[in-house]
Amino acid sequence: MKEKEVSIPSSTTSSTESVMKSEEGKVVEREGWKGTMDFILTCIGYAVGLGNIWRFPYLCYKSGGGAFFIPYVIFLCLCGIPLFFMETVYGQFSSLSPIAIWNISPMFKGVGIGMVIVSGLVCVYYNVIVAWTLYYLFMSFRAVLPWSTCGNWWNTDHCLDVERSVVMAGRNASHDSNSTSLISNLTAGANYTLLGNATWLTGNTSGLIRKEDLISSSEEFWENHVLQLTDGIETLGGLRWQLVITLALAWICVFFCLFKGVAVLGKVMHFCAPFPYLVLLVLLIRGVTLDGAIDGIKFYIIPRWEKLATFQVWGDAALQIFYSVGMAWGGIITMASYNDFKHNVYRDAMLVPFINCGTSIFAGFVIFSILGFMAHETGKSVEDVVTQGPGLTFVAYPEAVSMLPISPLWSVLFFLMLFIIGLDSQFGMFETCLSAFMDEFPKTLRKRRVLVSAIACFIEFLLGLPLITEGGIYVLQIIDWYCASFSLMLISFTECVAIGWVYGVDRFYRDIELMIGYQPNGMWKVAWKYVTPLVILFVWLFSIITLGPVTYGGKAYPEWAVTFGWCLGSVSIIPIPACAIYQLLKADGTFMERLRKITTPSKKWGPRKDEHRQEYLESLEADKVLQTLPMYQTRTVKRNVAEPEAKSFLS
């Protein structure tokens with residue numbers, strides 16, 4: 001079938017093609033969202049990740065309680081929302097993924113490559129975390145949670161179960177660690193005696209044990225059973241076959257949700273996006289009814305204003321914005337690229353970051369209500385039981401849940417919620433990688449999406465295998481420590497320079513007007529050109545200054561491992577200068593002519609559909625005419641093109 005001829009560059013001959021011919025001659029269009037809520041639900045699921053559960057509450061506690069909300073919201077407004085708005089705008093305008101989209105300014109194509117590399121690397125270890133949650137979910141379907149007791153093969157002589165009694169593995173001997181008297185039912189084979197006020201526990205088979213050396217049963221389950229942790233990264237050990245199975249299941253879930261593209265993903269997100277909120281609400285209702293919950297919540301929200309005078313608090317708040325909102329990962333651009341051209345992107349770009357921020361705060365109430373209960377039950381202060389990262393998710397919280405009545409039910413709900421939250425973010429990152437390749441090679445790959453998805457999932461699964469060895473968490477820590485830190489800031493800064501200064505905010509505003517019918521407030525111009533780049537530089541400097549050598553559990557890494565980490569972190573940055581140099585060398589003319597050519601939008605840049613592209617080209621011609629008029633310098637003149645009907649912000 002012969003394509004309709006139009007007076008614009010044919011997109012069927014380029015890598016930015018949204019329409020291509022299949023073998024049967026049918027025209028296969030680039031897919032898009034089917035439902036009106038698909039985009040915003042997917043963005044919420046993508047932005048709300050595990051960091052909202054295991055990092056934000058800890059930062060609040062460490063950084064002044066409720067006082068931390070102030071710098072967090074400030075940086076959300078100065079950096080998070082402007083970048084989120086920017087990425088959704090040019091993603092929707094071009095209907096392209098992070099690499100192909102840089103026809104807007106070919107010199108900066110390395111920015112898109114860097115985004116895809118970051119997402120691809122994080123996908124490797126993020127699904128390992130999902131595999132851990134899946135394993136805990138399976139282990140929760142038991143009458144007695146396995147991490148709540150001692151006496152198992154993975155426990156040591158220092159094990160302390162949730163009933164706060166010491167149980168010596170294999171000896172069937174127990175002792176109340178808070179008691180000052182000897183329990184009479186100790187077996188003859190293990191005579192243990194408490195010295196003084198229960199500071200020491202001693203016996204004829206294990207010697208002297210300090211109370212400070214006792215290890216909770218949940219921690220021993222995590223390190224000795226789930227991970228079977230080795231002494232360091234030098235000894236990776238063998239594969240954990242249980243985790244191999246859960247990792248495979250996690251990737252199978254990703255495949256079946258993405259192999260048909262966003263048509264299936266949009267439907268999946270109608271369940272996956274709201275479900276964690278339902279579980280969080282149920283956990284909060286249960287949590288606030290527990291003894292000690294109020295103390296935990298007070299510890300979380302009562303402001304300690306003196307903390308705001310420290311540089312660390314402001315830096316942590318700015319850094320958390322990058323981790324939670326999802327800028328510079330490419331996922332926002334990818335999700336927006338499936339929008340209809342006339343979709344009200346302005347409204348969604350304002351809503352999603354605030355929903356994400358609210359989720360973090362809400363999750364903090366859930367976490368600290370349970371930690372307050374845990375502190376009450378163990379006789380400790382909330383400060384002694386609070387932690388972050390895997391220590392919160394796989395040690396502290398499981399231990400707290402095991403103290404609840406009907407503990408398996410709450411454990412299932414908690415880990416099912418974590419599993420869904422992890423998959424939501426994984427969907428966004430992995431779709432970024434898939435769409436990037438398929439938009440670069442549309443003729444070859446787009447019609448083979450199922451095969452491409454299967455191969456990509458299998459490759460990522462193989463790359464994740466070293467992370468589920470007995471010492472795999474040391475490797476995972478390196479990737480997490482270096483790959484998604486300072487590189488994100490440099491990518492975002494370059495992105496701001498490319499859009500705000502090279503492409504130009506005035507032209508960017510006219511692109512927005514073509515989509516939503518009006519130009520937004522002028523404050524966004526100031527943010528994109530000045531405020532946000534300066535904030536990003538501040539965050540980058542803070543991350544570099546505070547990023548020490550990688551550690552795990554207090555263990556230092558050898559020099560070669562630290563060097564490997566820095567190399568991994570630099571992989572996503574190298575394409576930025578490399579692509580710029582390549583584009584400069586490839587172009588013709590003098591140096592300035594080449595520079596002008598690679599910083600000017602190519603002929604392939606513009607909306608996907610013919611009618612919108614024609615409108616865009618007509619607007620460019622009208623702008624050229626207007627720029628010759630004297631009054632163009634002082635006031636806005638209506639362009640001689642068909643303007644869409646103006647819509648309200650919420651339309």
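Presented here is a report on the structure given in the accompanying data block.

About the cut-offs
- Residues numbered from 1 in each chain as written.
- Predicted model: local features only at pLDDT ≥ 70, side-chain atom pairs only at ≥ 80, totals over all residues.
- Heavy atoms only, no water.
- Helix = DSSP H or I, 4+ residues; strand = E, 2+ residues; numbered from the N terminus.
- Contact = heavy atoms within 4.5 Å.
- Areas by Shrake-Rupley, 256 points an atom, 1.4 Å probe, with all protein chains shown as cover.
- Buried < 20%, exposed > 50% of the residue type's maximum accessible area, 1.4 Å probe, protein only.
- Disulfide = S-S within 2.5 Å.
- Axes fitted to C-alpha atoms, helices over the stretch in contact; angles between N-to-C directions.
- Parallel < 35°, antiparallel > 145°, perpendicular 65-115°, else oblique.
- Left-handed = near helix turned anticlockwise from the far one by under 90°.
- Nonpolar A, V, L, I, M, F, W, Y, C, P; charged D, E, K, R; others polar.
- Salt bridge = Lys/Arg side-chain N within 4 Å of Asp/Glu carboxyl O.
- Phe/Tyr/Trp six-rings, centres within 6.5 Å; stacked < 30°, edge-to-face > 60°.
- Patch = residues over 30% accessible without salt bridge, like charges linked within 9 Å, V, L, I, M, F, W, Y side chains within 5 Å.
- Core = buried A, V, L, I, M, F, W, Y, C linked by side-chain atoms within 4.5 Å.
- Polar contact = N/O pair within 3.5 Å; in protein donor to acceptor, adjacent residues only side chain to side chain.

Okay, the overall build of the protein chain next. From N to C terminus, the protein chain includes 25 helices and eleven strands. Restricting to contacts in the protein chain with at least 6 residues of sequence separation, those with at least 24 account for 77%. Working note: accessible area of the protein chain is about 26,300 Å², and carbon and sulfur atoms make up 64% of it.

In an α-helix, one full turn covers 3.6 residues, which means residues spaced three or four apart are oriented alike. Most of helix H19 (residues 472-482) is tucked away, with nine of its eleven residues classed as buried. For H19, the full list of buried residues reads Gly472, Ile473, Tyr474, Val475, Leu476, Gln477, Ile478, Ile479 and Tyr482. Buried positions along H19 lie against helix H5 (109-139), helix H6 (217-226), helix H20 (486-516), strand E10 (551-552), strand E11 (555-556) and helix H22 (559-571).

Next up on the list: the state of the cysteines. One pass over the full model with this rule turns up one disulfide. Cys150 shares a disulfide with Cys159; S-S distance 1.8 Å. In this structure, the disulfide formed by Cys150 and Cys159 twists by about -80° around the S-S bond and is classed as left-handed. No disulfide involves Cys60; its sulfur sits 9.2 Å from the nearest other cysteine sulfur, which is in Cys357.

This brings us to the packing of H5 against helix H7 (residues 241-258). Here H5 crosses H7 at 115°, and the two axes come no closer than 8 Å. Of the possible angle classes, the one that applies to H5 and H7 is roughly perpendicular. The handedness of the crossing between H5 and H7 is right-handed. Only Gln242, Leu243, Thr246, Leu247, Leu249, Ala250, Trp251 and Val254 of H7 make contact with H5, whose side of the interface consists of Cys123, Asn127, Val128, Val130, Ala131, Trp132, Leu134, Tyr135 and Phe138. Considering only residue class, the contact of H5 with H7 consists of 14 nonpolar, three polar and no charged.

It is worth spelling out the pattern of salt bridges at this point. Under the criterion given, the structure shown has nine salt bridges. Between Arg449 and Glu31 there is a salt bridge, with its nearest N and O atoms 3.4 Å apart. Residue Arg449 is located in helix H18 (residues 449-464), and its partner Glu31 is located in the loop between strand E2 (27-29) and helix H1 (38-47); the two are separated by 418 residues in the primary sequence. You can call Arg449 buried: its relative accessible area is 9%. For Glu31, a relative accessible area of 23% corresponds to the partly exposed category. For the salt bridge of Lys342 with Glu615, the shortest nitrogen-to-oxygen distance reads 3.7 Å. With Lys342 in the loop between helix H12 (331-336) and helix H13 (345-378) and Glu615 in helix H25 (residues 610-626), this residue pair connects regions lying 273 residues apart in the sequence. Taking relative accessible area as the criterion, Lys342 reaches 23% and is therefore assigned partly exposed. Ionic contacts of the salt-bridge type, sharing partners, join the residues Arg30, Asp439 and Arg446 into one network.

A separate point is the environment of Leu214. With respect to the secondary-structure elements, Leu214 resides in the loop between strand E8 (207-210) and strand E9 (215-216). Judged by its relative accessible area of 17%, Leu214 is buried. When the C-alpha atoms of Leu214 and Leu160 are compared, they prove to be 6.1 Å apart, with 54 residues separating the residues in sequence.

This structure, assessed with the given rule, holds 55 aromatic pairs. With a centroid separation of 5.5 Å and an interplanar angle of 85°, the aromatic rings of Trp153 and Trp154 are classed as edge-to-face. By relative accessible area, Trp153 is classed as exposed at 59%. Ring centres of Phe256 and Phe259 lie 5.9 Å apart, and the angle between their planes is 80°; this geometry places the pair in the edge-to-face category.

Keep in mind that most residues, glycine aside, have a negative phi and that most peptide bonds are trans. Phi is positive for Ser95, close to 55°, though the residue is something other than glycine. Phi is positive for Ile406, which is not a glycine, with a value near 55°. Inspection of the secondary structure assignment puts Ile406 in the loop between helix H15 (390-402) and helix H16 (407-440). With a relative accessible area of 60%, Ile406 lands in the exposed category.

A word on a nonpolar patch on the surface. On the surface, a cluster of nonpolar side chains totalling about 610 Å² of accessible area is made up of Phe138, Trp241, Ile245, Leu249, Ile252 and Phe256. If one sorts the elements of the nonpolar patch by residue count, H7 sits on top with five residues. Mapped onto the secondary structure, Phe138 falls in helix H5.

What follows is about the side chain of Ser217. Inspection of the secondary structure puts Ser217 in helix H6. Once residues lying within four places of it in the same chain are set aside, the contact partners of Ser217 are Trp147, Ser148, Thr149, Cys150, Cys159, Leu160, Asp161 and Val162.

Another aspect to go through is the nonpolar core. Inside soluble globular proteins, nonpolar side chains tend to come together where they are buried. If you look at the biggest cluster of nonpolar residues, it comprises 196 residues, and the most contacted ones within it are Tyr90, Trp132 and Trp222. Ranked by residue count, the leading element in this core is H5, at 18 residues. Apart from residues no more than four positions distant in its own chain, Trp222 is found in contact with Trp132, Tyr136, Leu227, Pro390, Phe394, Val395, Ile473 and Tyr552.

Okay, the side chain of Asn155 next. Mapping Asn155 onto the fold places it in the loop between H5 and strand E3 (159-160). Judged by its relative accessible area of 7%, Asn155 is buried. Reaching out from Asn155, the side chain makes a polar contact with the side chain of Glu220 at a distance of 3.0 Å.

Viewed as axis vectors pointing N to C, H1 and helix H8 (residues 262-272) meet at an angle of 65°, and their least axial separation amounts to 9 Å. The orientation of H1 with respect to H8, classified from their angle, is roughly perpendicular. In terms of crossing hand, the pair formed by H1 and H8 is left-handed. Seen from H1, the contacting residues are Asp38, Leu41, Thr42 and Gly45; seen from H8, they are Leu265, Gly266, Met269 and His270. A breakdown of the residues in the contact of H1 with H8 according to their chemical character gives three nonpolar, four polar and one charged.

Mapped onto the elements, Leu534 comes out in helix H21 (residues 523-546). With relative accessibility at 58%, the residue Leu534 sits in the exposed group. In this structure, the C-alpha to C-alpha distance between Leu534 and Phe493, residues 41 residues apart in sequence, is 8.5 Å.

None of this, on its own, says anything about what the molecule does.
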